Amino acid sequence: MKTNGHEDVIEVTDLRRVYGGGFEAVRGITFSVRRGELFALLGTNGAGKTSTVELLEGLAPASGGRVRILGHDPYTERAAVRPRIGVMLQEGGFPSELTVTETVRMWAGCTSGARPVGEALEIVGLGRRAGVRVKQLSGGEKRRLDLALALLGRPEVLFLDEPTTGLDAEGRQDTWALVRDLRDQGTTVLLTTHYLEEAEGLADRLAILHEGSVAATGTPAEVTASQPSRISFELPDGYFLGDLPPLGELGVTGHDVEGRAVVLRTKELQRAATGVLLWAERARVELRRLEVRSASLEEAFLRIARETAARTGTGAGTGAGTGAGTGAGTGAVAGAVADDKALTGTKARKDGVSA
Ligand SMILES: Nc1ncnc2c1ncn2[C@@H]1O[C@H](COP(=O)(O)OP(=O)(O)OP(=O)(O)O)[C@@H](O)[C@H]1O
């Protein structure tokens, strides 16, 4: 199908997956991925990423809704779809005594129109490790071998399920560069990841899944734009938050004060920052540790997580985050801002702040 002149190579419409016990893991999700696009599926543990991707790969039938990959149903028309897609398996499960070349050659035997083995290894930077046994590869090299196998059939659509899990920072950067190259050469990539930094850096568009539903979708910039920016600084000695102009008039929609540290949240960053800086100028005070910045995808995600946890009473700590493994709660991006109160001005709400 074509939308706005773009060919959608992945079309997902009201997709549902219900497991044997009746548990609905995927609850009517809709998104599409255009040819040559890199699309990331993000979500907390148990959000339904794997359940969704398995349906896209044709490994299971949908319980409801529709999936089309390159115009075909990946389950009922598997023979038409399979040769045109690549799936990066987590640890391919090959005998570790085989060398890298033997492993790729074995897989090439099952792949129609496979690239030459050497070419596949060069693409992923394993050319010089061709004769090494798989068991002697580092974790990062094993992931690259998994990727080489996924690329053997020159796929038009590549599914990458958490391709950098377990890699160190350098390994992640290498994989990201590789994935970008593939996308630049026209491969459509669907990536699932726990690493928000990965999605922010790589994805043209993304969807955040929560409890089987799409909680937010768009470009990384669009998703973060739905979240407030932050201005943080230390109150000068002898001053209180109430000494600033009325925060509501500055476009500030939420704030925190801890000791002298102040964080203001706003969707009108320029207006709020200008107001704060003009005040400081006029009061002839220096705002130490001043920081003014837009929300990151990680902040957007964490905030969404907190909001839904607060709304639904679900717990936090579901493991999405940066490469450092920041914990995140479950959440949905509904745009609601649970702790952003309409501020009338000089009333502050924490100790050390006067009205
Ligand atoms: N075979 C199954 N039978 C019943 N429930 C399942 C089955 N597989 C997964 N689930 C449940 O479906 C929900 C979604 O799981 P899924 O593995 O798709 O999430 P995920 O987003 O990929 O999570 P993770 O990031 O932890 O891999 C979870 O609550 C999970 O427990």
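Everything below is about the structure printed above this text.
I will try to describe carefully the structure that is included in this document. Keep in mind it's a predicted model, so treat the numbers as computed, not measured.

1. With respect to the environment of leucine 89
Argument step 1. Following the sequence through the fold, leucine 89 ends up in the loop between β6 (85-88) and α3 (100-108).
Argument step 2. Residue leucine 89 is classed as partly exposed on the basis of its relative accessible area of 39%.
Argument step 3. Distance in space between the C-alpha atoms of leucine 89 and leucine 160 is 7.8 Å, their sequence separation being 71 residues.
Argument step 4. Ignoring any residue separated from it by four or fewer positions in sequence, one finds leucine 89 in contact with Arg143 and Asp146.

2. Details of helix α1 (residues 49-56)
Argument step 1. Burial analysis of α1 places six of its eight residues in the buried class, which makes it a mostly covered element.
Argument step 2. The set of residues buried in α1 consists of Lys49, Ser51, Thr52, Val53, Leu55 and Leu56.
Argument step 3. In the stretch just after α1, glycine 58 is the one whose phi turns positive, near 80 degrees.

3. Structural notes on the packing of aromatic side chains
Two aromatic rings, taken as a pair, are described by how far apart their centres are and by the angle between their planes.
Argument step 1. On inspection of all chains with the given rule, the structure shows two aromatic pairs.
Argument step 2. Residues phenylalanine 31 and phenylalanine 39 carry aromatic rings whose centres are separated by 5.0 Å and whose planes lie at 10 degrees to one another, so their mutual orientation is stacked.
Argument step 3. Take phenylalanine 31: its relative accessible area is 7%, and that puts it in the buried class.
Argument step 4. Residue class for phenylalanine 39 comes out buried when judged on its relative accessible area of 0%.

4. So, the site of the ligand
Argument step 1. Surrounding the ligand, one finds 13 residues, the nearest of these being Gly46, Gly48, Lys49, Thr50 and Ser51.
Argument step 2. In this structure, alanine 47 approaches the ligand through a main-chain N or O atom, which is 3.1 Å from an oxygen atom.
Argument step 3. Within the backbone of glycine 48, a nitrogen or oxygen atom sits 2.9 Å from an oxygen atom of the ligand.
Argument step 4. The fraction of the free accessible surface of the ligand (640 Å²) that becomes covered by protein chains is 59%.
Argument step 5. No other element matches the three residues that α1 contributes to the shell around the ligand.
Argument step 6. Tallied by class, residues from the shell around the ligand come to four nonpolar, seven polar and two charged.

5. Regarding the nonpolar core
Argument step 1. Ranked by internal contacts, the top residues of the largest apolar core, which has 43 residues, are Leu42, Leu147, Leu158, Leu160, Leu206 and Ile208.
Argument step 2. Sort the elements by how many residues they give to this core and helix α5 (residues 139-151) lands first, with six residues.
Argument step 3. Sequence-distant contacts of leucine 158, that is, excluding residues within four places in its chain, are made with Gly86, Leu147, Ala150, Leu151, Leu182, Thr187, Thr188, Val189 and Leu190.
Argument step 4. Judged by nonpolar contacts, the second largest core, of 27 residues, contains Leu41, Val53, Leu56 and Ala207.

6. Looking at the sheet that holds strand β9 (residues 205-210)
Argument step 1. Spatially, six strands are ordered β6-β7-β8-β4-β9-β10 in an open sheet, and the strand pairing comes out mixed. Taken across any chain shown, the strands that pair with only one partner, and hence form the sheet edges, are β6 and β10 (213-218). The mean inter-strand angle of the sheet, taken between neighbouring strand axes irrespective of direction, is 15 degrees.
Argument step 2. Where strand β4 (residues 38-43) lies against β9, five bridges are found, and the strand directions are parallel. Bridging from a neighbouring strand, phenylalanine 39 pairs with arginine 205 of β9.
Argument step 3. Its contacts with the sheet place α5 against β6 and β7 (157-161), and it is angled at close to 165 degrees to β6.

7. Structural notes on the sheet that holds strand β13 (residues 261-266)
Argument step 1. Spatially, the four strands line up as an open sheet ordered β12-β13-β11-β14, and their pairing is antiparallel. Where the open sheet ends on each side, the last strands, each with one partner, are β12 (252-258) and β14 (288-293). Here the average twist between neighbouring strands, direction ignored, is 15 degrees.
Argument step 2. Summarising the sheet, strand β11 (residues 229-234) and β14 pair through four bridges and their orientation is antiparallel. If you follow isoleucine 231 over to β14, its bridge partner there is valine 292.
Argument step 3. Against the sheet, helix α9 (residues 269-283) engages β11, β12, β13 and β14, with an angle of about 15 degrees to β11.

So, how was this worked out
- Per chain, the residues get numbers from 1 upward, laid out in the order the sequence is written.
- This being a predicted model, a pLDDT of at least 70 is required before a residue's local features are given, and a value of 80 or more before pairs of side-chain atoms are given or counted; all residues contribute to the totals for chains, interfaces and linings.
- For side-chain calculations, the full set of non-hydrogen atoms in the structure is used, while hydrogens and water are omitted.
- Helix and strand assignments follow DSSP, with helices taken as H or I runs no shorter than four residues and strands as E runs no shorter than two, numbered in order from the N terminus.
- Only protein chains enter the accessibility calculation, which uses a 1.4 Å probe. A residue is then buried if its area is under 20% of the maximum for its type, exposed if over 50%, and partly exposed in between.
- By definition, residues are in contact when any of their heavy atoms lie within 4.5 Å.
- Two rings from Phe, Tyr or Trp (for Trp, the six-membered ring) form a pair when their centres are within 6.5 Å of each other. A pair whose planes differ by under 30 degrees is stacked, one over 60 is edge-to-face, and the rest are tilted.
- Summary of the distance rule: residues count as near a molecule or strand when at least one heavy atom falls within 4 Å of that molecule or strand.
- We define a polar contact as two N or O atoms separated by no more than 3.5 Å, with the added condition that, inside protein, one atom must be a possible hydrogen donor and the other a possible acceptor, whereas residues neighbouring each other in sequence contribute only through side-chain atom pairs.
- A 1.4 Å probe and the Shrake-Rupley method give the accessible areas. Residues count as covered only by the protein chains that appear here.
- When residues are sorted by character, Ala, Val, Leu, Ile, Met, Phe, Trp, Tyr, Cys and Pro go into the nonpolar class, Asp, Glu, Lys and Arg into the charged class, and all the rest, Gly among them, into the polar class.
- Among the buried residues, those of types Ala, Val, Leu, Ile, Met, Phe, Trp, Tyr and Cys that are joined through side-chain atoms within 4.5 Å form a nonpolar core.
- Paired strands, as defined in this entry, are two strands with at least two bridges between them according to DSSP.
- Between N-to-C directions, angles cover 0 to 180 degrees, with each direction set by a line fitted to C-alpha atoms, over the stretch in contact for helices.

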